[in-house]
Structures are given as C-alpha cells and as structure tokens.
Amino acid sequence: MKTWLSKLTFETGLYFLAFALGGLVRIVLLGHTAPGDTEARLALQAMDLVRGGGVVSAPEPGYILLTSLVMFLFDATNFTARLWPALAGTLLIAAAWLLRDQIGRKPALILAFLLALDPVLVAASRTASGSMLAVVCLVLGGILLLRGKSAWAGAFLGLGLLGGPAVAFDAHDDPM
C-alpha cells in the first residue's frame, strides 16, 4: 500500500520550497510598518465590526469579514490586518502547480519561484486591502474553470468578486 509520502517527488519538493519561500517573504515582519490611509480605513472598519459597532460599507467586504474574524480570534494589530492578503499571495503560487500540464513542468516550476519572489506581488500581498484576495481568487477560478472544475471555479470566482473593485474593468480605461 502506497502512502502519500511515497508519492513525493523532487518536483513536488521544489513546489513546497517555492510555497514556503513565498510565504516566508510575505509573512516575516508583516506588521512592522504603519498602515497607510486606505489600509487604516479598512482595518478600522474590520475592528469596528469585531466590536459590534458597524456594518460593512467598504467595497471590499471579503477582506473586511475575514480580517474581522482574525481580529476577533487574536488581536487587532497591523499583522492581523495584513494576514489574509499575505496568505492569499502565498496561495497564488499554487497557480503555477495547477498550470504545470498546460505550460510544461519546468516552466511551471520557474513560474512558481517567480510568483514567490516577485516584488510587486510581495508588496501587494503585504498591503491591508482586498486586492490580492480578489486577484488570487479570480486567477485560481479561471484556471479551475479551464480544468473543468466548474463548482470550485464558481466558488473562487465568487470569492474574487468579494475582494472588491481591484478586479473591475472599465471600458474607458482601455489604452487602445
């Protein structure tokens, strides 16, 4: 009888390494910088929701509800305000693993490490907003839809919409 441990390959180990590296880069010193105005507004709304004093009025309800849950369980800090975007940014590395059959195994591994260490994605993952949640859910939803997993794709695409206006497309912004 084969166990899941006997099915681990060198390639799988490299994906785990990319995932761990991406998580480490996003989580280390997560709460050491002061929040900006937008970050503070969203974090304060989540904290207000924990205290029972408000409703979700920002256009990023997914971020606010998830953050208020973490703040309820632990404490309202800069770290907890930025935790969900950091976890979502780390989950984006799974997109490379999901695409390995379509783009090839070596390019998918390279993509996993690029997603783990890309400075723009790392910075977005360390910001207290719903934009990273939205982008990750929409990317994973699209990939799952292409793979024929329509139920999971629908769940991720729906969660992506709760991430907020970061995923909205305005026809007037078309550069053409």
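None of the values given here were measured: they were computed from a predicted structure. (Residues numbered from 1 in each chain as written. Predicted model: local features only at pLDDT ≥ 70, side-chain atom pairs only at ≥ 80, totals over all residues. Heavy atoms only, no water.)

1. Focus on the overall build of the chain
What counts is decided by this rule: What counts as a helix is a DSSP run of H or I of at least four residues, what counts as a strand is a run of E of at least two, and both are numbered from the N terminus. Under the scheme applied here, a residue whose accessible area is under 20% of the maximum for its type counts as buried, over 50% as exposed, and between as partly exposed, the area being computed with a 1.4 Å probe on protein chains only. In this description, contact between two residues means that some pair of their heavy atoms is separated by no more than 4.5 Å. Per-residue and other accessible areas were derived by the Shrake-Rupley procedure at a 1.4 Å probe size, with only the shown protein chains allowed to occlude residues. The positive count covers Lys and Arg only, the negative count covers Asp and Glu only, and His and the chain ends enter neither. To locate a charge, the coordinates of NZ of Lys, CZ of Arg, CG of Asp or CD of Glu are taken.
A count of helical and extended segments in the chain gives 10 helices and 0 strands. Traced from its N-terminal end to its C-terminal end, the chain shows the element sequence α-α-α-α-α-α-α-α-α-α. Counting only residues that meet the buried cut, the chain has 35% of its 176 residues in that class. In the chain, the proportion of contacts linking residues at least 24 apart, taken out of those at least 6 apart, comes to 64%. Entry remark: accessible area of the chain is about 10,400 Å², with carbon and sulfur atoms responsible for 71%. Of note, the chain has its 12 positive side-chain charges centred 17 Å away from the centre of its 11 negative side-chain charges.

2. Quick notes on the packing of helix H2 (residues 37-50) against helix H3 (residues 61-73)
How two helices pack is summed up by the angle between their axes together with the distance between the axes. Rules: Comment: axis = line fitted to C-alpha atoms, over the contacting stretch for helices; angle = value between 0 and 180 degrees taken between N-to-C directions. Angles are sorted into four bins: roughly parallel if under 35 degrees, roughly antiparallel if over 145, roughly perpendicular if 65 to 115, and oblique for all others. Left-handed is the label given to a crossing in which the near helix is rotated counterclockwise from the far helix by less than a right angle, and right-handed is the label when the rotation is clockwise. Lys, Arg, Asp and Glu make up the charged group, whereas Ala, Val, Leu, Ile, Met, Phe, Trp, Tyr, Cys and Pro make up the nonpolar group; the residues left over, Gly among them, are polar.
H3 packs onto H2 with a crossing angle of 60 degrees between their chain directions and a minimal axis gap of 8 Å. What the angle tells us is that H2 and H3 run oblique. Note on packing geometry: the crossing formed by H2 with H3 is right-handed. Residues Leu42, Ala43, Gln45, Ala46, Met47, Leu49 and Val50 of H2 form the contact with H3, whose own contacting residues are Tyr63, Ile64, Leu65, Thr67, Ser68, Met71 and Phe72. Class assignment of the residues belonging to the contact of H2 with H3 gives a composition of 11 nonpolar, 3 polar and no charged.

3. Quick word on the pattern of salt bridges
For clarity, the cut-off: Take a side-chain nitrogen of Lys or Arg and a carboxyl oxygen of Asp or Glu: if they are within 4 Å of each other, that pair is a salt bridge.
The tally for this structure, following the rule as stated, stands at 3 salt bridges. Arg82 serves as the salt-bridge partner of Glu39, at 3.1 Å between the closest nitrogen and oxygen. With Glu39 in helix H2 and Arg82 in helix H4 (residues 78-91), the pair connects residues that are 43 residues apart, well separated along the chain. The pair Glu39 / Arg82 is uniform in exposure class, with both members buried. Asp101 serves as the salt-bridge partner of Arg105, at 3.8 Å between the closest nitrogen and oxygen. Assessed through its relative accessible area of 43%, Arg105 is described here as partly exposed. Residues joined by salt bridges that share partners form a network here, namely Glu11, Asp101 and Arg105.

4. Here's the deal with the side chain of Gln45
Within the fold, Gln45 resides in helix H2. For Gln45, a relative accessible area of 13% corresponds to the buried category.

5. Focus: helix H10 (residues 150-162)
Spacing of three or four residues puts side chains on the same side of an α-helix, whose turn is 3.6 residues. In plain terms, the rule: Helix span is expected to be 1.5 Å times the residue number reduced by one. Summarising the geometry, the arc corresponds to the directions from the helix axis toward the C-beta atoms.
Its 13 residues place the ends of H10 18 Å apart at the C-alpha level, agreeing with the 18 Å of an ideal helix rising 1.5 Å per residue. Taken residue by residue, H10 has Ala153, Phe156 and Gly160 as its buried positions. Viewed along the axis of H10, the buried residues span an arc of 70 degrees, placing them on a single side of the element. In this structure, H10 carries Ala151 and Leu161 as exposed residues pointing more than 90 degrees from its buried face. Looking one or two places after H10, you find Gly164, whose phi comes out positive at around 120 degrees.

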